[in-house]
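Listed below are the residues making up each chain.
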Amino acid sequence: MPELPLWLVWVIKAAVIYGALLSVAGLMSLAERKVSAWMQYRIGPNRVGPFGLLQPLADGVKFMFKEELVPAGANPFLFRIAPALAALPAMLAVAVIPFAGEIELFGQRTTLSVTDLPISSLYVLAVGGLGIYGIILGGWSSNSKYSLLGSLRASAQMVSYELSLILSILAVVALSGSLDLRVIADAQQADAALWNIARAPLAFLLFVVCMFAETNRHPFDFAESEPELVGGFHTEYSAMRFALFFLGEYCAMTVMSCLATVLFLAGGAIPFWPDAPWWAELASFLVKMSAFLFLYLWVRWTLPRFRFDQLMRLGWKVLLPLALFNLFATAALMAAGVL
Amino acid sequence: MAETLFYALALAAVGFAVGVISARSPMLSVLSLLGAFVCLALVYLLAGFQFLAGAQVLVYAGAIMVLFLFVVMLLNLADLSKVAEHPTRVLGVHRVALAGGSAALLGVLALLASRRIPDTAADTAMLARGFDELEPIAVALFSRYLLPFEAASLLLLATMVAVLVLAKRARAPQGPREQAQAVDAHGDARGDASDAARELEGAGLR
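Not measured: the values here are computed from a predicted model.

(A) Structural view of the overall build of chain A. A count of helical and extended segments in chain A gives 13 helices and two strands. The burial tally for chain A puts 53% of its 339 residues in the buried class. Counting only contacts in chain A whose residues sit at least 6 apart along the sequence, the fraction spanning at least 24 positions is 77%. For chain A, the accessible area works out to roughly 14,900 Å², and carbon and sulfur atoms hold 72% of it. For chain A, the separation between the mean place of its 21 positive charges and that of its 22 negative charges on side chains is 9 Å.

(B) Molecular detail of the overall build of chain B. Broken down by element type, chain B carries 10 helices and zero strands. In sequence order, the secondary structure elements of chain B are arranged as α-α-α-α-α-α-α-α-α-α. Looking at chain B as a whole, 20% of its 206 residues qualify as buried. For chain B, the proportion of contacts with a sequence separation of at least 24, taken over those separated by at least 6, is 60%. Summing over all exposed atoms, chain B offers an accessible surface of approximately 14,400 Å²; the carbon and sulfur share of this is 71%.

(C) A look at the packing of aromatic side chains. All names here are of chain A. What the rule picks out here adds up to 18 aromatic pairs over all chains. Ring plane angle 45° and centroid distance 6.5 Å describe the contact between Trp-38 and Phe-294, whose orientation is recorded as tilted. Taken together, the residues Trp-38 in helix 1 (residues 6-39) and Phe-294 in helix 12 (residues 278-300) connect sequence positions 256 residues apart. A relative accessible area of 59% means that Trp-38 is categorised as exposed.

(D) Up close: the side chain of Gln-157 of chain A. Residue and element names in this part refer to chain A. Considering the arrangement of structural elements, one finds Gln-157 in helix 6 (residues 145-176). Judged by relative accessible area, which is 0%, Gln-157 ranks as buried. Every residue in contact with Gln-157, bar those within four places of it in the chain, is listed here: Ala-213, Asn-216, Phe-220, Phe-222, Leu-311 and Met-312.

(E) Local environment of the interface of chain B and chain A. Across the contact, 29 residues belong to chain B and 29 residues belong to chain A. At the boundary of chain B with chain A, total buried surface from both sides reaches about 2,700 Å², with 78% on carbon and sulfur atoms. Scanning the region where chain B abuts chain A turns up zero salt bridges. Here chain B is connected to chain A by one residue pair in polar contact (both at pLDDT 80 or more).

(F) The pairing of strand 2 (residues 108-112) of chain A, seen in detail. Residues and elements named next belong to chain A. Across the five residues that make up strand 2, a large majority, four, are buried. Summarising the sheet, strand 1 (residues 100-105) and strand 2 pair through five bridges and their orientation is antiparallel. When the sheet's bridge partners are listed, Leu-105 is paired in strand 2 with Gln-108.

(G) Fine view of the packing of helix 6 of chain A against helix 3 (residues 50-74) of chain B. The contact between helix 6 of chain A and helix 3 of chain B brings their axes to 10 Å, and the two run at 150°. Relative to helix 3 of chain B, the element helix 6 of chain A lies roughly antiparallel. Of the two possible hands of crossing, helix 6 of chain A and helix 3 of chain B adopt the one that is left-handed. Facing Leu-148, Ser-151, Leu-152, Ser-155, Ala-156, Val-159, Glu-162 and Ile-166 of chain A of helix 6 of chain A, the residues of helix 3 of chain B in contact are Leu-58, Gly-62, Ala-63, Val-66, Leu-67, Phe-70, Met-73 and Leu-74 of chain B. Looking at the contact of helix 6 of chain A with helix 3 of chain B residue by residue, the class counts come to 12 nonpolar, three polar and one charged.

(H) Structural view of the confidence of the model for chain B. All names here are of chain B. Averaged over every residue, the pLDDT of chain B is 74; residues scoring 70 or more account for 63%. Within chain B, the element-level pLDDT minimum falls on helix 10 (residues 188-202), averaging 49, and the maximum on helix 1 (residues 2-22), averaging 88. In this model residues 185-193 is a low-confidence stretch, pLDDT under 50, and it forms 15 contacts with partners more than four residues away in sequence or in other chains. Segment residues 202-206: pLDDT under 50, and 11 contacts once partners within four positions in sequence are set aside and those in other chains are kept. Two summary scores accompany this predicted model of the complex, namely pTM at 0.80 and ipTM at 0.78.

(I) Inspection of the nonpolar core at higher detail. All names here are of chain A. Among the nonpolar cores identified, the biggest contains 115 residues, and Leu-181, Phe-207 and Leu-263 are the most heavily contacted of them. Looking at which element gives the most residues to this core, the answer is helix 6, with 15 residues. With residues near it in sequence (within four places) discarded, Leu-181 still touches Val-96, Ile-97, Pro-98, Ser-120, Ser-121, Val-124, Leu-259, Val-262 and Leu-263.

(J) Region of interest: a nonpolar patch on the surface. All names here are of chain B. A cluster of nonpolar side chains, namely Met-1, Leu-5, Phe-6, Tyr-7 and Leu-46, defines an oily patch on the protein surface of about 540 Å² accessible area. In terms of residue count, the dominant contributor to the nonpolar patch is helix 1 (three residues). Tracing the sequence through the fold places Tyr-7 in helix 1.

(K) Up close: the pattern of salt bridges. All names here are of chain A. Summed over all chains, the structure comprises nine salt bridges over all chains. The salt bridge involving Asp-59 is made with Arg-33; its shortest N-O contact spans 3.0 Å. Placement of Asp-59 in helix 2 (residues 55-65) and of Arg-33 in helix 1 is noted, with a sequence separation of 26 residues between them. Taking relative accessible area as the criterion, Asp-59 reaches 19% and is therefore assigned buried. For the salt bridge of Arg-241 with Glu-68, the shortest nitrogen-to-oxygen distance reads 2.9 Å. Of the two residues, Arg-241 is situated in helix 11 (residues 239-264) and Glu-68 in the loop between helix 2 and helix 3 (76-93); the sequence distance between them amounts to 173 residues. For Arg-241, a relative accessible area of 23% translates into the label partly exposed. Judged by its relative accessible area of 34%, Glu-68 is partly exposed.

Each value, and the rule that gives it
- Residues numbered from 1 in each chain as written.
- Chains lettered and ligands numbered in written order.
- Predicted model: local features only at pLDDT ≥ 70, side-chain atom pairs only at ≥ 80, totals over all residues.
- Heavy atoms only, no water.
- Helix = DSSP H or I, 4+ residues; strand = E, 2+ residues; numbered from the N terminus.
- Buried < 20%, exposed > 50% of the residue type's maximum accessible area, 1.4 Å probe, protein only.
- Contact = heavy atoms within 4.5 Å.
- Areas by Shrake-Rupley, 256 points an atom, 1.4 Å probe, with all protein chains shown as cover.
- Lys, Arg positive; Asp, Glu negative; His and termini not counted.
- Charge placed at Lys NZ, Arg CZ, Asp CG, Glu CD.
- Phe/Tyr/Trp six-rings, centres within 6.5 Å; stacked < 30°, edge-to-face > 60°.
- Buried area = accessible area lost by both parts, 1.4 Å probe.
- Salt bridge = Lys/Arg side-chain N within 4 Å of Asp/Glu carboxyl O.
- Polar contact = N/O pair within 3.5 Å; in protein donor to acceptor, adjacent residues only side chain to side chain.
- Pairing = 2+ DSSP bridges.
- Axes fitted to C-alpha atoms, helices over the stretch in contact; angles between N-to-C directions.
- Parallel < 35°, antiparallel > 145°, perpendicular 65-115°, else oblique.
- Left-handed = near helix turned anticlockwise from the far one by under 90°.
- Nonpolar A, V, L, I, M, F, W, Y, C, P; charged D, E, K, R; others polar.
- pLDDT = per-residue confidence, 0-100.
- Core = buried A, V, L, I, M, F, W, Y, C linked by side-chain atoms within 4.5 Å.
- Patch = residues over 30% accessible without salt bridge, like charges linked within 9 Å, V, L, I, M, F, W, Y side chains within 5 Å.

Printed below as a string of structure tokens:
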């Protein structure tokens, strides 16, 4: 088979990776219900398809046919555009995640990521960080006090935890000497002792905590916090626009899990199998990513929600000093030649 | 192609910048500023400054504008709708300021257009190495420009502290207008803002 033009390879890779992301997001909506049922000794959805596997499709069809409401007094333009602004950034951020190294398929050689940037970790943070606009604008434009309070909480929380998140990633960047996610993953490839989870355990802990806050998930889901705010920022939304907020949340969780896999678990590397073929690497990547996604669900159905002032205290008085100390300690240990 | 893109982005950036000062709603004003920042980041990207573009989006669009929006959401929305009912009044002093400002801007633009800024050896070296690498930026920032860099950060910190000191006043309502606000804080939007303010106080943010 002749070499395909570069743009066609890009289009194919983009279609495959975005298709996979949306499928994972859909499956997560099912997994959330299945896992919660399992942890609460219930059965969970099992009517649509084998083991309820087609439930996300049924949900999608249902959302499509629901009536769409725009509340009186809402800003119609911002209200309509906000769900898309919430879902889009996470979908864009996945473009630089290196799922596997160089692959050869049907005579084509390419890398398994939509694109490779020299500043890809910065790109994920910059683009992923824009997701908050959807939540802020959605809540503000609804003209409802519950929505507004949800948005306010979301913006305060995400800005606060972004600092610690970036500082924890900076320690990893310092260890690898590059902002490129592929270089960061490859630097840990050789030996499991080189994985950043072993070299920078505190950074890993900080990253995982901030990851929950950044995606507005339990135990930090104050933006929606049902007992206090009805539904939080999406109280007034219905039909497909409501579903888009969830799609965005699941996509953001998936991207965060991918990022954690690349930064701390060496991407697709398999211990004691240094020259694994690309499909094994891809499988190992997906297993690690799924472990983080399961952690999200596990924590959600295990821990109670924080209180908002506790959240702020944790973010500014515990995590931020710890993250600064971690970066300083990592740099000092590197200068001393230990790391 | 690149030139067309540049002009389109530059025009869009100027359009957004005009939107910032002409929009009636503060929310639209902030969103216009966001648009201007994003256009600027794309211009950086077009020039090959990947790191700068990423940092621009991360810092300005991702963090600073979120704080702007945060403040706008706390504004008293009922008062703002009253402002919007009145046509904008342009006073004489504003006209003078506008004319003077425009003349100064045109002068600077003419000055910039009339002369070419010569490339220094360091610039040429950086151009040759490309802007994707962080090393030249880091070396320049932490050696040659260390003092201005630290001075700028100190200035920003001092400004922040000064603003906090100036803004921290007595809590009790003082003028008759503020007292009236405190009494009839039952309107929809107004209730929202004061609820939100109360919650923030609870969270120790104010």
